[in-house]
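Take a look at the letters that make up each chain.
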Amino acid sequence: MSQGTRMAWDPGTYGRFRGLRLRPALDLIRALPDLPEGGIVDLGCGSGAAGPALQSLGRALAGVDSSAAMLADAEALGVYDALLQADIAEWTPDDPPALIFSNAALHWLPDHGTLLPRLVGMLPPGGVLAVQMPHQMNAPSHRLWRSLVEELFPGRYDAAHAPGVLLPVDYHRLLSPLGRMDLWESEYYQHLAPDGEGHPLRRFTEATVARPILELLQPDEQAQLIAAYESVIDKAYRADHDGSVLFPFRRVFFTLKRAG
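Residues numbered from 1 in each chain as written. Predicted model: local features only at pLDDT ≥ 70, side-chain atom pairs only at ≥ 80, totals over all residues. Heavy atoms only, no water.

## Structural notes on the nonpolar core
Moving on, step 1. Counting 26 residues, the largest nonpolar core has L43, L106, L119, L129 and F254 as its most contacted members.
Moving on, step 2. At the level of elements, β1 (40-43), α5 (112-121), β5 (128-134), α7 (168-175) and β7 (245-258) are the ones that each hand at least two residues to this core.
Moving on, step 3. Looking at which element gives the most residues to this core, the answer is α5, with four residues.
Moving on, step 4. If near-sequence neighbours (up to four positions away) are discounted, L129 is found in contact with I100, L116, L119, V120, L123, F254, T255 and L256. (Core = buried A, V, L, I, M, F, W, Y, C linked by side-chain atoms within 4.5 Å. Buried < 20%, exposed > 50% of the residue type's maximum accessible area, 1.4 Å probe, protein only. Helix = DSSP H or I, 4+ residues; strand = E, 2+ residues; numbered from the N terminus. Contact = heavy atoms within 4.5 Å.)

## Quick look at the environment of A223
Moving on, step 1. Structurally, A223 is set in helix α10 (residues 219-236).
Moving on, step 2. Along the chain, A223 and E206 lie 17 residues apart, while their C-alpha atoms are 12 Å from each other.

## Looking at the pattern of salt bridges
Moving on, step 1. Per the stated rule, a full pass over the model turns up 12 salt bridges.
Moving on, step 2. Its salt-bridge partner being R173, residue D170 comes within 3.7 Å of it at the nearest N-O pair. You can see D170 and its partner R173 sitting in helix α7, three residues apart, about one turn around the helix.
Moving on, step 3. Under the relative-accessibility criterion, D170 is labelled partly exposed at 27%.
Moving on, step 4. A salt bridge links E187 to R250; the nearest nitrogen and oxygen atoms lie 4.0 Å apart. Linking E187 in strand β6 (residues 179-192) with R250 in strand β7, this pair joins segments that are 63 residues apart in sequence.
Moving on, step 5. Relative accessible area serves as the criterion here: at 36%, E187 is assigned to the partly exposed category. (Salt bridge = Lys/Arg side-chain N within 4 Å of Asp/Glu carboxyl O.)

## A closer look at the sheet that holds β6
Moving on, step 1. Pairing is mixed in the open sheet, where seven strands are placed in the order β3-β2-β1-β4-β5-β7-β6. The open sheet is flanked by β3 (82-85) and β6, the only strands paired with a single partner. Strand-to-strand twist across the sheet, computed as the mean angle between neighbouring axes with direction ignored, equals 15 degrees.
Moving on, step 2. The sheet contact formed by β6 and β7 spans 14 bridges and is antiparallel. Within β7, the position partnered with G179 by the bridge is R258.
Moving on, step 3. Contacting β2 (61-65) and β3, helix α4 (residues 68-77) runs over the sheet at an angle of about 175 degrees to β3. (Pairing = 2+ DSSP bridges. Axes fitted to C-alpha atoms, helices over the stretch in contact; angles between N-to-C directions.)

## A word on the environment of A207
Moving on, step 1. By secondary structure assignment, the location of A207 is in the loop between α8 (200-205) and α9 (211-214).
Moving on, step 2. The class for A207 is buried, based on a relative accessible area of 1%.

## Concerning the side chain of K257
Moving on, step 1. Position of K257 among the secondary structure elements: in strand β7.
Moving on, step 2. Buried within the structure, K257 lacks any salt-bridge partner; its nearest side chain of opposite charge belongs to D34, at an N-O separation of 6.4 Å.
Moving on, step 3. Of note is the side chain of K257, whose polar atom sits 3.0 Å from the backbone oxygen of G126. (Lys, Arg positive; Asp, Glu negative; His and termini not counted. Polar contact = N/O pair within 3.5 Å; in protein donor to acceptor, adjacent residues only side chain to side chain.)

## Quick word on the packing of aromatic side chains
Moving on, step 1. Using the criterion set out here, one finds eight aromatic pairs in the structure.
Moving on, step 2. Ring centres 6.4 Å apart and planes at 45 degrees place the aromatic pair Y188 and F253 in the tilted group. Pair noted here: Y188 is in strand β6 and F253 is in strand β7, with a separation of 65 residues, a long-range link. Residues Y188 and F253 agree in their burial class; the two are buried.
Moving on, step 3. When the ring of Y237 is compared with that of F247, the centres are 5.5 Å apart and the planes differ by 90 degrees; the resulting orientation is edge-to-face. With Y237 in the loop between α10 and β7 and F247 in strand β7, this residue pair connects regions lying 10 residues apart in the sequence. Pair check on accessibility: Y237 and F247 agree, each one buried.
Moving on, step 4. A network of ring pairs unites the aromatic residues F204, Y237, F247 and F249 as a single cluster. (Phe/Tyr/Trp six-rings, centres within 6.5 Å; stacked < 30°, edge-to-face > 60°.)

Here it is as structure tokens:
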């Protein structure tokens, strides 16, 4: 993650839904084109969820993330040859990697029009940039956090800094001149188990999209916002009789094999 954000990532909270968050990474790995010689960089590796699968590709594997707590969990897996604490918006490799892999990280960073071509420029000819990002900001699950904080605490949160992605057509226009691009979206129907601490969807989103909002508030204000979210979220995502929720979650993927 970018150190420019103020979020302090909690591996335990984020990892509660580790299996659901891992599947898109595995789908991206399965879609990789052939790689040239060289290593792999897991950019925004977090706690290393994708590390074991990336290690199975048989290349030297490095992980980069700004969170020391997440990197400690990644190191405990024993699958990375190197781990670096760094702002992923500013990171540059010592040597051109065969693959820059980024799963659910780059959407936190601004100015993709500059960032993504810069990452492609770090690759050797035939090297691959592989990216997966949530494309969910306009869905009720995410939009309600922004609308409620503005209603309850006007001006406290600047929506201009909210995570977001470009339209797929914009990524195609930006990156396809740089090599062979494969671009797609998938909607995952995620079954969220009941949670005794609240609506399952609130528990899912508070670990990611709601973090930069909640951290701006005092504890009593956080409780007020969470209660407001809990009061309306079931209207958009109705819980089943057992308290579980079927949650549609859209993600955008692309691979870019650099020309040359």
